[in-house]
Structures are given as structure tokens and as C-alpha cells.
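Close look at the chain arrangement
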Amino acid sequence: MARLIVSFAALLLTACATVPPTNVHQPMTARPAPPPVAAPADGAIYHANAPLTLFEMKRARNVGDILTIQINEKTAATKKGNSAASRQSSNTVTVPTILGLPGKSFQGMELSTSGNHKFEGKGESNSSDTFTGTITVTVIEVLPNGNLLVSGEKQLGINQGTEYIRFSGVVDPTTIGFGNTVSSTQVADARIEYRGNGYVDEAQIMGWLARFFLTFLPF
């Protein structure tokens, strides 16, 4: 019995320490390649094999270099739809009087029908999202055209929970500004995540038993 309790407690601790899944590009960090063998000096100031030109500031360009992403995401969408349809009809039929036919009680009778159908539908949807912040990422791959595939993660431990900020995307080196910074709006294939774990986040998740019954209950 004691062993069962210990196993159950370990299982709970493991569940609490589970890192939320992610969709950002992997890996989320990369170490730089070993430095190349120093080329022989071919000038007093400028070297032909130097990685930087004389008047160029240092920018992220190789695997393992870091740059800062200014997250400035703001989206807003509105969708509205209206539809209406109506139909109205009326018909009148008179039974003629014909001598010699049975059913004389129905002859000369006037029959009328009318119908009225009306439909009206309305729908409206609004969405607004804002995400601002700063995260420093690492170049994990240099693409053949010179663009940089970057990825990174920031962890914030608050009391008994952990917040995860993750970012990945493709950066054009020409958009990198002073201090190796670039806006998230200039990053292609950007994937931004803000997730957390802990008792606060777990309180917002429906239990597995409730989800089980919710899958087949008709009400």
C-alpha cells in the first residue's frame, strides 16, 4: 500500500512538471560551430577572409548567433452577415357546375389557398488579439538564400507555476536593426507561443472524466 501511495505521488509530481507541448521550430537553441583556423595575415588593417567588413556592425549571420525579437503582434477581425428571405402565395379554384355529373353538392364551390413564409438570419463575430514583449532567440540554421531560421524559449518561474514564451521563424538579415533587433512583424513563418503549467493553469482545464462524458452526452 505504501509503495502504491509513493508511486501515485511520483506520478502527480511528474504531471505537474510536464513541459507544455510546442509547435515552434526545433531545436530551440544551437551551439556555434568551432572557430576556423586563423588565416594568415594579408594586410595591416583589413583581412580578405575576415567575417566582417571594415564598416559593418556585428549582425547575427551564423548558427549560434543570437538576436532580439521585438514581439509586436496585434490582430483584429470582424465578420458580420445578414440574410433574409420571404415568400407569399395565394390560389383560388372554383369548381364548375356541370349537369349530369355526380357530386352536385361540390359543384359551384370556390376553394382558395394561401401561404406565407419568412426567414431572417443574422450573425456577427469579433476577434482582437494583442501580444507584446521581447525575447532573444538563437540562429539554428542558415538557409541557402542567406535567411536565418531562429528559435528560442524564455521560462519564467512564478510561485508554483512556470510560464513559457517561445518564438521561431525565418529572418531576413537585411531587416536586422541596430543592436541585433528585429520586429516580429518582419519575421516569416513566425510561431509565437505563451503557455504555462501549474495549479492556476490546471484549474482552467476540464477534467478527463468530464471530457469523457461530454463526448457522448446529448445535452
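What counts, and where the lines are drawn
Residues numbered from 1 in each chain as written. Predicted model: local features only at pLDDT ≥ 70, side-chain atom pairs only at ≥ 80, totals over all residues. Heavy atoms only, no water. Core = buried A, V, L, I, M, F, W, Y, C linked by side-chain atoms within 4.5 Å. Buried < 20%, exposed > 50% of the residue type's maximum accessible area, 1.4 Å probe, protein only. Helix = DSSP H or I, 4+ residues; strand = E, 2+ residues; numbered from the N terminus. Polar contact = N/O pair within 3.5 Å; in protein donor to acceptor, adjacent residues only side chain to side chain. Contact = heavy atoms within 4.5 Å. Phe/Tyr/Trp six-rings, centres within 6.5 Å; stacked < 30°, edge-to-face > 60°.

With that settled, the discussion passes to the nonpolar core. Leu-67, Ile-69, Ile-135, Val-137, Leu-148, Val-150 and Phe-167 are the most contacted members of the largest nonpolar core, which has 15 residues in total. At the level of secondary structure, the elements contributing two or more residues to this core comprise β1 (66-94), β2 (110-142), β3 (148-158) and β4 (161-171).

Attention shifts here to the side chain of Ser-151. As for its placement among the helices and strands, Ser-151 is situated in strand β3. A polar atom in the side chain of Ser-151 sits 2.9 Å from the backbone oxygen of His-25. With near-sequence residues (within four places) excluded, Ser-151 lies in contact with Val-24, His-25, Pro-27, Met-28, Val-137, Thr-138, Ile-140, Phe-167 and Ser-168.

Counting through the fold element by element, Arg-87 comes out in strand β1. Taking relative accessible area as the criterion, Arg-87 reaches 63% and is therefore assigned exposed. If we ignore the near neighbours within four places in the chain, the residues touching Arg-87 are Gly-115, Asn-116 and His-117.

Attention now goes to unusual backbone geometry. The amide bond that connects Gln-26 to the next residue, Pro-27, takes the cis arrangement and shows omega of -5°. Its identity as a non-glycine residue notwithstanding, Asn-180 has a phi of 55°, on the positive side. Judged by relative accessible area, Asn-180 falls into the buried class, the value being 15%. Even without being glycine, Asp-189 reaches a positive phi, approximately 55°.

To continue, consider the packing of aromatic side chains. Enumeration over the complete set of coordinates arrives at one aromatic pair. Pairing Phe-131 with Tyr-194 gives two aromatic rings, centres 6.2 Å apart and planes at 75°, and the pair type is edge-to-face. Taken together, the residues span a long stretch of sequence, with Phe-131 in strand β2 and Tyr-194 in strand β6 (residues 188-197) at a distance of 63 residues. Overall, Phe-131 belongs to the partly exposed group, its relative accessible area being 24%.

Checked against the element boundaries, Phe-178 lands in the loop between β4 and β5 (181-183). When the C-alpha positions of Phe-178 and Lys-58 are compared, they lie 9.2 Å apart, and in sequence the two are 120 residues distant.

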